[in-house]
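Observations on the model geometry
For reference, the chains in residue letters:
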Amino acid sequence: INEYDDIEEGDLPEHKRSPPPIDFSKIDASKPEDLLKMSKKGRTLMVFATVSGNPTEKETEEVTSLWQGSLFNANFDVQRFVVGSNRVIFMLRDGSYAWEIKDFLVAQDRCEDVTVEGQVYPGKAAKKDAKGNKQNETKKKGDKKAANRANKSKQEL
């Protein structure tokens, strides 16, 4: 006999509950996100967001508090935890809403990026030339081979 036998399904710890059945007839195969949404229904899920512009922790607290308020007004019950000077976790009781919340967050002026289930979505404040920056960093580090390769490819053009 295990310690959870007498407990009703809804009162069990989340990892012990059986997942809700997925109705595959309602899933559009061309939208893998729909399957993810269905599989996360009723499950706690964390959404990570990065605030742009090197904010202080207090500034991140203020900006993300406004986001949380807007989400709350739209009937999304999310808990918010600031986990760095520019990072925040939104914890959702029902993970199937994660993608709607992601859509809201990436549209915010100070949102650099949002991560849901390991997938990173660039926000409105995403660095437009992220690829360019990486190349410049490589050159700054004194990686002459990379710089030479870049010069050769320019000459070939």
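The notes below deal with the structure included here. Computed from a predicted structure; not experimentally measured.

With that settled, consider the overall build of the protein chain. Per the secondary structure count, the protein chain includes five helices and five strands. Tracing the protein chain from N to C terminus, the helices and strands come up as α-β-α-β-β-α-β-β-α-α. The proportion of buried residues among the 157 residues of the protein chain is 28%.

With respect to burial, strand S1 (residues 45–51) is a largely interior element, five of its seven residues being buried. Examined bridge by bridge, S1 and strand S3 (residues 87–92) share six bridges and lie antiparallel to one another. Note that in S3 the partner of Val 47 across the bridge is Phe 90. Pairing between S1 and strand S4 (residues 111–116): five bridges, direction antiparallel. Bridge assignment links Val 51 to a residue of S4, and that residue is Cys 111.

Let us now look at the sheet that holds S3. Across the sheet, five strands lie side by side as S2-S3-S1-S4-S5; this open sheet has antiparallel pairing. Looking at which strands have only one partner, the edges of the open sheet turn out to be strand S2 (78–82) and strand S5 (119–122). Taken pair by pair, the neighbouring strands of this sheet meet at an average axis angle of 25 degrees, ignoring direction. Helix-sheet contacts for helix H2 (residues 57–73) involve S1, S2, S3 and S4, and the interaxial angle to S2 is about 175 degrees.

Once that is clear, we can look at the nonpolar core. Membership of the largest hydrophobic core comes to 21 residues, with the highest contact counts inside it found for Val 47, Trp 67, Phe 90, Leu 105, Val 114 and Val 116. Elements that contribute at least two residues to this core include exactly S1, H2, S3, helix H3 (98–106) and S4. Per-element tally for this core: the top contributor is H3, with five residues. Ignoring anything within four residues of it in the chain, the contact list for Leu 105 reads Val 47, Ala 49, Trp 67, Phe 90, Cys 111 and Val 114.

Mapping Thr 64 onto the fold places it in helix H2. At 3.2 Å, the side chain of Thr 64 and the side chain of Arg 80 are in polar contact. Discounting residues that sit within four places of it in the chain, Thr 64 has contacts with Val 51, Arg 80, Val 82, Val 88 and Phe 90.

When the charged atoms of two side chains with opposite charge come close together, those side chains can pair. Per the counting criterion, the structure on display carries seven salt bridges. A salt bridge links Lys 58 to Glu 62; the nearest nitrogen and oxygen atoms lie 2.7 Å apart. Of this pair, Lys 58 and Glu 62 both sit in helix H2, four residues apart, roughly one helical turn. According to the relative accessible area criterion, Lys 58 is exposed, its value standing at 59%. Residue Asp 113 pairs with Arg 87 through a salt bridge whose shortest N-O separation is 3.6 Å. Placement of Asp 113 in strand S4 and of Arg 87 in strand S3 is noted, with a sequence separation of 26 residues between them. For Asp 113, a relative accessible area of 17% gives the class buried. Residue Arg 87 is classed as partly exposed on the basis of its relative accessible area, which comes to 26%.

How each quantity is defined
- Residues numbered from 1 in each chain as written.
- Predicted model: local features only at pLDDT ≥ 70, side-chain atom pairs only at ≥ 80, totals over all residues.
- Heavy atoms only, no water.
- Helix = DSSP H or I, 4+ residues; strand = E, 2+ residues; numbered from the N terminus.
- Buried < 20%, exposed > 50% of the residue type's maximum accessible area, 1.4 Å probe, protein only.
- Pairing = 2+ DSSP bridges.
- Axes fitted to C-alpha atoms, helices over the stretch in contact; angles between N-to-C directions.
- Contact = heavy atoms within 4.5 Å.
- Core = buried A, V, L, I, M, F, W, Y, C linked by side-chain atoms within 4.5 Å.
- Polar contact = N/O pair within 3.5 Å; in protein donor to acceptor, adjacent residues only side chain to side chain.
- Salt bridge = Lys/Arg side-chain N within 4 Å of Asp/Glu carboxyl O.

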